[in-house]
Amino acid sequence: MEKRTLWTSCYFVRFVTLFICARASGNLPQCKETDYYFEYTECDSTGSRWRVAIPHRQESCSGLPEPVRGTDCTFSCEAGEFLEMSSQQCTSCAAGSYSLGSGVRFDQWDSIPAGFSSLATYMDSGGSGDDSMTCNNSSWTAQGTHLESNRDDCTVSLVYAVHLMKQGSVSFDYQYVDSNVFFEFFIQNDQCQEMDQTGSEKWIKLTNNGEWGTHTVNLKSGTNILYWRTTGMLLGGKPVKPVLLKNIQIEGVAYTSECFPCRPGTFSKTPGSSSCDLCPRNTYSGKGASSCTPCSETQYSQEGWSQCKERPPCSEKDYFQIHTACDSDGKTQILYRWVEPQVCVENVTGAVTLPPSGEKEECPPCNPGFYMHNTSTCLPCPQGTYSDGTTECQRCPGGTEPSLGYEYKWWNILPRNMKTSCFNVGNSKCDEMNGWEVAGDHIRSGVGGSDNDYLILNLRVPGFKLPTSVDDASATEFGRITFIFETSCSADCELYFMIDVNRKSTNVVESWVGSKIRQAYTHIMNKNASVSYTWAFQRTNKASDVRQYVNDIAKIYSIMVTNAMDGSASGCHACAMMSQQDGSSCVPCPAGHFINKDTNQCQECPPKTFLSGHHIYGHEACQPCGPESRNNKEHSVCYNDCSFSHMEQNRTLTYDLSALSTVGSIMNGPSFTSKGTKYYHQFNISLCGAEGRKVAVCTDNVTDLSSKDLQNESADLNNFVETFVCQSTIIPADGRGFRSSLSSQSISLADTFLGASVDSSLDGVTVSSDLFSESSRKVPDINFFYRSPQPTASCLNGRSTVVTLRCNPEKSPRGELTVPSKCPAGTCNGCEFHFLWESSSACPLCTETDYHSIEGACKGGVQDTLYVWNEPKLCTKGVLLPNKTSAHCEVVSLWVKAGIGGGAFVAVLLVSLTCYFWKKNKRLEYKYSRLVMSANKDCELPAADSCALAEGEGEDNEDDVVYSNTPSLLGKLKAIASKADGDNSESVQLKSSQSERWVWG
């Protein structure tokens, strides 16, 4: 404050000095009122200021008015007035101008007004000079009636600084339709410090296509630097839709010293105006006009134009056809009408004329749930009745009730709960036109006023009413909308389908670009709320005064909404009865019950089944849960309880996955857009859920990823999905100079748990073997299969997710999540997502077969037994490793050990001797047999000295001898003993044809 007071004093002294110097210069001419202007000094600490005269050029004249005390610093004029500095009195603005009094307004955007600047954040191009890789050409641009942000993925800020003498506010109109753009508005002080703002003040809410929103923020006195900042995300190569700004108004300025002239195309006819009005059609005006000038007969203009244009000759693009309402005879007719307001000329060369009206034809039947009244009007069936649209309404038979809803397939008139409109950002020439026109068997987009109009069709549903027998608390589907559509385009047309729940914010659910064949789309409502369904069709996003794509159209053939609260019935469905007696009323079934077809009474679904969302009639309504899954108490969903079992080689492997029950997260990347914006993909995975509840949450526009109070934030601000597996796109704080991380584009990847299996395929979802490297361990991988059935433009069958659990004892119980190396975004095609979760918890529980025992030596009469795990250990938890055990054992003395050893030696020696003598005896037998054979030749025994065999003779053939009579072991021992009594002679037993005898030698 002292510095500011000092600066103010210096500022005042400076002007006093100029005044004195000017008076001292006698050679200068006397100043006229046109040679100077008045200005106030800065306010001092007492809240006062001085009015001083400042020459347009220094030392150009003499005799400047002396400084006088100015008005109070908080003084301001009323709206429509300005402060006339000469008299310091408030004066009314002249006609053709306006004033806000204590504020300023910016509503003319032929160029960016003085004081505004556009700043782009870009990456260093490395001196390549390629502007396409930087943001040098990205900025906010003036479009006449509004400002438009950049269409690329650069971060661009629109900056304006204002000094307020008192508390004020800033408000602006905006259009923000693309969730791929981050749009924030924040305020800094003169020290470049960001002011305190709530999330709803900083982050701007999305608007409907073609609609403007208004954002207002309070300002503090002093210097306020205003920032409007956008950042695009071109993840799919599709340009983002720009943010549009207009009517920026700032309140709190101390005074306005002049009025603002009305911009071209507007006027103010009375003095003291606080705003200017648009010139009507077929008139125009210039800048500062107090009235509008009519166009000539050969020219035309739209509302708010600054000039007139020549009327073109009429062509086929200037008229359209409609179906008249049914008359009393049940007839309708095709009529042709000029596009209003008609700007073309019929009576010139080359112009076409309006075709004649067609012949009358039979009206189409009433829509289901309606009946024909007086042959011309379709009315909804009374409560408790139904009709297919061709017959009178009838009461439902016993045991049934009407199926409420909307079913529109005949389009002779627009249904009472639908409306259509036309909107254009840059002008209002189509505001009174119908955006869509009925055409018998379909409803089609209208002509509009220009090719970039938004043609809007809206259907309002006040809420949903479930069938009587369905339990509201356990319902997973409250209603669904199904529509059949088709687009035929020659340009970049786009059809949007949007939803606004409880009148909070409109979100684009799906969009289709270009021509699309006839197809159906379904969206399911999983909560009971009022909802507005909107279809918006735009032929092109490029503005042009020349119509080129008027024949590009969108058609909707049918729209069906189930369980609509105020709907009519086209049929009946069964309901549970209190008893089988006639006249019994419908009763609600408890959660998890279906209606038995035979008894029409409630019956609980069998275990491991869940109720389908469409109906509860018949046992087939109870759908079986997938493998390794169970149903919750309400039979509304199937889930895994963090356990798994599998038979492998006659062994049951049991798993405890409770350590993986909490939400796991993985953030891959970083990735970069073409302009250098860094972003990540974050995945949150709830493997088991919590009793079937889906606890993985991804939130948009969250500035703190670790915040646990996401649900406590403003419901208008946060758009979040809650499911088994979800994905968000994260821009870090350093990605484009943000002060905190941003999250956007949150989608669900897993709404339904299909089951868990060691197989690679389940219910049409498959895991490719080449996504992850094969496990080197013998324990099989476990695959958890999920599906998100909601179709999208790129995934007609919805999305699927597989989480593969792999046993890795080296990992912690929580483990580590990874994505395939060949698909770093978690998916290769945008529809099928795969994750690998390696963890020690993915190993089976330990059993007795996973360890073995080792017995120790007997020491001191005690023998220890140790137990160790089999290596490698591929199990966790389960049975514990037994403790070491000890058992009593006998100790043998040294003398006993010596005796046993000696006995063993003697036994071995005896066996060796026996073998030796047996061998020796065998040789003697052989020698004797040779002797006998040679003696038989002469029928007498040979002489002892000639018939004997030499030592070793015939030993090679002794194994071939066949003995006719082998003596026993006892006989051989006797022979050995006899030999010992003789004179070193040998005796053998002879056997011949004669009597047996002994031969001694």
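You'll find the structure just up there.
Predicted model only: the values in this text are computed from it and were never measured. (Residues numbered from 1 in each chain as written. Predicted model: local features only at pLDDT ≥ 70, side-chain atom pairs only at ≥ 80, totals over all residues. Heavy atoms only, no water.)

Peer 1: I tried to follow the overall build of the protein on my own but got confused; where do I start?
Peer 2: Looking only at helices and strands, one finds five helices and 69 strands in the protein. If you take every contact in the protein between residues at least 6 apart in sequence, the share linking residues at least 24 apart comes to 65%. For the protein, the computed accessible surface area is about 51400 Å², with 50% contributed by carbon and sulfur atoms. (Helix = DSSP H or I, 4+ residues; strand = E, 2+ residues; numbered from the N terminus. Contact = heavy atoms within 4.5 Å. Areas by Shrake-Rupley, 256 points an atom, 1.4 Å probe, with all protein chains shown as cover.)

Peer 1: Help me understand the side chain of His834, please; the structure alone is not making it clear to me.
Peer 2: Among the secondary structure elements, His834 is positioned in strand β64 (residues 832-839). The class for His834 is buried, based on a relative accessible area of 8%. The residues contacting His834, other than those within four sequence positions of it, are Thr766, Val767, Leu771, Phe772, Val802, Val819, Pro820 and Gly826. (Buried < 20%, exposed > 50% of the residue type's maximum accessible area, 1.4 Å probe, protein only.)

Peer 1: I would appreciate a short explanation of the nonpolar core in the present structure.
Peer 2: Among soluble globular proteins, nonpolar side chains are generally buried collectively. Membership of the largest hydrophobic core comes to 42 residues, with the highest contact counts inside it found for Trp436, Leu459, Tyr533, Trp535 and Ile559. If you look at the next biggest cluster of nonpolar residues, it comprises 33 residues, including Phe106, Val162, Leu164 and Leu245. (Core = buried A, V, L, I, M, F, W, Y, C linked by side-chain atoms within 4.5 Å.)

Peer 1: Mind showing me how you'd approach the pattern of salt bridges here?
Peer 2: Oppositely charged side chains can form a pair if their charged atoms are brought close together. In the structure shown here, the tally under the stated rule is 13 salt bridges. With its nearest N and O atoms 3.7 Å apart, the salt bridge here joins Lys241 to Glu494. Separated by 253 residues along the polypeptide, Lys241 in the loop between β15 (222-232) and β16 (244-251) and Glu494 in strand β38 (residues 494-501) bring together distant segments of the chain. The burial state of Lys241 is the same as that of Glu494; both residues are buried. Here Glu620 makes a salt bridge to Lys597, at a shortest N to O gap of 2.8 Å. Of this pair, Glu620 sits in the loop between β46 (609-611) and β47 (622-624) while Lys597 sits in the loop between β44 (593-595) and β45 (602-604), placing them 23 residues apart in sequence. Accessibility expressed as a relative area gives 34% for Glu620, which makes it partly exposed. With a relative accessible area of 42%, Lys597 lands in the partly exposed category. (Salt bridge = Lys/Arg side-chain N within 4 Å of Asp/Glu carboxyl O.)

Peer 1: Where do I start with the side chain of Asn632 in this structure?
Peer 2: Turning to its location among the elements, Asn632 is positioned in the loop between β48 (630-631) and β49 (638-639). Judged by relative accessible area, which is 7%, Asn632 ranks as buried. In terms of polar contacts, Asn632 uses its side chain to reach the side chain of Ser636, at 2.8 Å. In contact with Asn632, not counting residues within four places along its chain, are Val637, Tyr639 and Glu691. (Polar contact = N/O pair within 3.5 Å; in protein donor to acceptor, adjacent residues only side chain to side chain.)

Peer 1: Is there a simple way to explain the sheet that holds strand β61 (residues 782-788) in this structure?
Peer 2: Strand pairing in a sheet is mediated by backbone hydrogen bonds. Such pairs are either parallel or antiparallel. In spatial order, the strands read β58-β61-β62-β64-β63; together these five strands make up an open sheet with mixed pairing. Single-partner strands in this sheet number two, and they are β58 (752-757) and β63 (816-818). Pairwise comparison of adjacent strand axes, ignoring direction, gives a mean angle of 20 degrees for this sheet. Pairing between β63 and β64: three bridges, direction antiparallel. The residue of β64 that forms the bridge with Thr818 is Leu836. (Pairing = 2+ DSSP bridges. Axes fitted to C-alpha atoms, helices over the stretch in contact; angles between N-to-C directions.)

Peer 1: I would appreciate a short explanation of a nonpolar patch on the surface in the present structure.
Peer 2: On the surface, Phe905, Val906, Leu909, Leu910, Leu913, Tyr916 and Phe917 cluster together into a nonpolar patch covering about 730 Å² of accessible area. Within the element layout of this structure, Leu909 appears in helix α3 (residues 894-935). (Patch = residues over 30% accessible without salt bridge, like charges linked within 9 Å, V, L, I, M, F, W, Y side chains within 5 Å.)

Peer 1: Is there a simple way to explain the state of the cysteines in this structure?
Peer 2: Cysteine pairs can be linked by a disulfide, which is a covalent bond between their two sulfur atoms. Throughout the structure, instances matching the rule amount to 22 disulfides. Put simply, Cys314 and Cys344 are joined by a disulfide, and their sulfur atoms are 2.0 Å apart. In this structure the cystine formed by Cys314 and Cys344 twists about its S-S bond by roughly 85 degrees; its chirality is therefore right-handed. Taken together, the positions of Cys314 in the loop between β23 (309-310) and β24 (319-323) and Cys344 in the loop between β26 (334-338) and β27 (361-362) put the pair 30 residues apart, joining distant regions of the chain. Taking relative accessible area as the criterion, Cys344 reaches 7% and is therefore assigned buried. The disulfide partner of Cys396 is Cys572, and the gap between their sulfur atoms is 1.9 Å. What sets the handedness of the Cys396 and Cys572 disulfide is the S-S torsion sign, and at about -80 degrees it is left-handed. A residue pair is termed long-range when its members are at least 10 positions apart, and Cys396 in the loop between β31 (394-395) and β32 (400-408) and Cys572 in strand β43 (residues 568-574) qualify at 176 residues. (Disulfide = S-S within 2.5 Å.)

Peer 1: For this particular structure, what's the right way to read the pairing of strand β66 (residues 862-869)?
Peer 2: Consecutive side chains along a regular strand alternate between the two faces of the sheet. By the bridge criterion, seven bridges tie strand β65 (residues 851-859) to β66 in an arrangement that is antiparallel. Residue pairing for β66: Glu855 is matched across the bridge by Thr865. Connecting the antiparallel pair β65 and β66 is a turn made up of two residues, with Gly860 showing a positive phi of about 60 degrees. Examined bridge by bridge, β66 and strand β67 (residues 885-888) share four bridges and lie antiparallel to one another.

Peer 1: Explain the environment of Lys205 here, please?
Peer 2: With respect to the helices, strands and loops of the structure, Lys205 is situated in the loop between α2 (199-202) and β14 (213-219). Accessibility expressed as a relative area gives 35% for Lys205, which makes it partly exposed. Separated by 299 residues in sequence, Lys205 and Lys504 have C-alpha atoms that sit 9.6 Å apart.

Peer 1: What should I look at first to understand the sheet that holds strand β3 (residues 68-69) in this one?
Peer 2: Strand order across the open sheet formed by three strands is β1-β2-β3, with antiparallel pairing between neighbours. Of all strands in the sheet, those bounded by a partner on one side alone are β1 (36-40) and β3.

Peer 1: So what exactly am I meant to see when it comes to the packing of aromatic side chains here?
Peer 2: Any pair of aromatic rings gets described here by the distance separating the centres and the angle formed by the planes. Taken as a whole, this structure holds 36 aromatic pairs when the rule is applied. Seen from their ring centres, Phe483 and Phe485 are 5.7 Å apart, and the 45 degrees between their planes marks the pair as tilted. One aromatic cluster in this structure is built from Phe106, Trp109, Phe116, Tyr160, Phe172, Tyr174, Tyr176, Phe183, Phe185 and Trp228. One residue, Lys246, lies across the ring of Trp212, its end atom 4.3 Å from the ring centre. The aromatic ring of Tyr557 is capped on one face by Arg518, whose charged end is 3.8 Å from the ring centroid. (Phe/Tyr/Trp six-rings, centres within 6.5 Å; stacked < 30°, edge-to-face > 60°. Lys NZ or Arg CZ within 6 Å of the ring centre and 35° of its normal.)

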